[in-house]
Amino acid sequence: MGLFVLLMSLNLARDLLQDKIKITPGIRLSDSNSDDQSRVMNPKEAIDLGATYLVIGRPITSHKDKASAFEKIYQSIYENKTSKGIKQSQKVLYF
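Please read these numbers as outputs of a predicted model, since none were measured by experiment.

Participant: Looking at this model, I keep getting lost on the environment of Ile23. Mind explaining?
Facilitator: Mapped onto the secondary structure, Ile23 falls in strand E2 (residues 21-24). Ignoring sequence-local partners within four residues, the contact set of Ile23 consists of Leu3, Phe4, Val5, Tyr53 and Val55.

Next up, the structure:
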């Protein structure tokens, strides 16, 4: 079973829903436009707070070079070796 978890609730969800899938919207890179999202977070922060799946739409779909946009997001997740990193149970999907 999984839940759609808002960014502001990730800390609580991580503690209360440890074995549940947490799908998280509002993912943006620090240098991207937040579009109509009032609360945004970068991918690494969301993962570190326990997000299992990241919903990343417009930062990729509205970019002229979608592969480049995806690569930039992917690199932002893996570039900081001191952070927790992605666990096997966590996924990054692109639709």
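And the narrative resumes.
Participant: In this structure, what is going on with the pattern of salt bridges? I would like to understand it.
Facilitator: A side chain of one charge can pair with a side chain of the opposite charge if their charged atoms are brought near each other. All chains considered together, the criterion is met by two salt bridges. In this structure, the salt-bridge partner of Asp15 is Arg14, at a minimum N-O distance of 3.8 Å. Residue class for Arg14 comes out partly exposed when judged on its relative accessible area of 28%. For the salt bridge of Lys44 with Asp48, the shortest nitrogen-to-oxygen distance reads 3.0 Å. Of this pair, Lys44 and Asp48 are both found in helix H2 (residues 43-48), four residues apart, which corresponds to roughly one turn of the helix.

Rules and cut-offs
In every chain, residue numbers begin from 1 and rise along the written sequence. Reporting of local features is limited, given that this is a predicted model, to residues whose pLDDT is at least 70; pairs of side-chain atoms are given and counted only at 80 or more, and all residues count toward the totals for whole chains, interfaces and linings. Values reported for side chains reflect all heavy atoms of the structure, with hydrogen atoms and water molecules removed beforehand. Strands are runs of DSSP state E lasting at least 2 residues, helices are runs of H or I lasting at least 4, and numbering of each runs from the N terminus. Any pair of residues with heavy atoms lying within 4.5 Å of one another is described as a contacting pair. Counted as salt bridges are all cases of a side-chain nitrogen of Lys or Arg within 4 Å of a carboxyl oxygen of Asp or Glu. Working definition: with a 1.4 Å probe on protein chains only, accessible area under 20% of the residue-type maximum means buried, over 50% means exposed, and in between means partly exposed.

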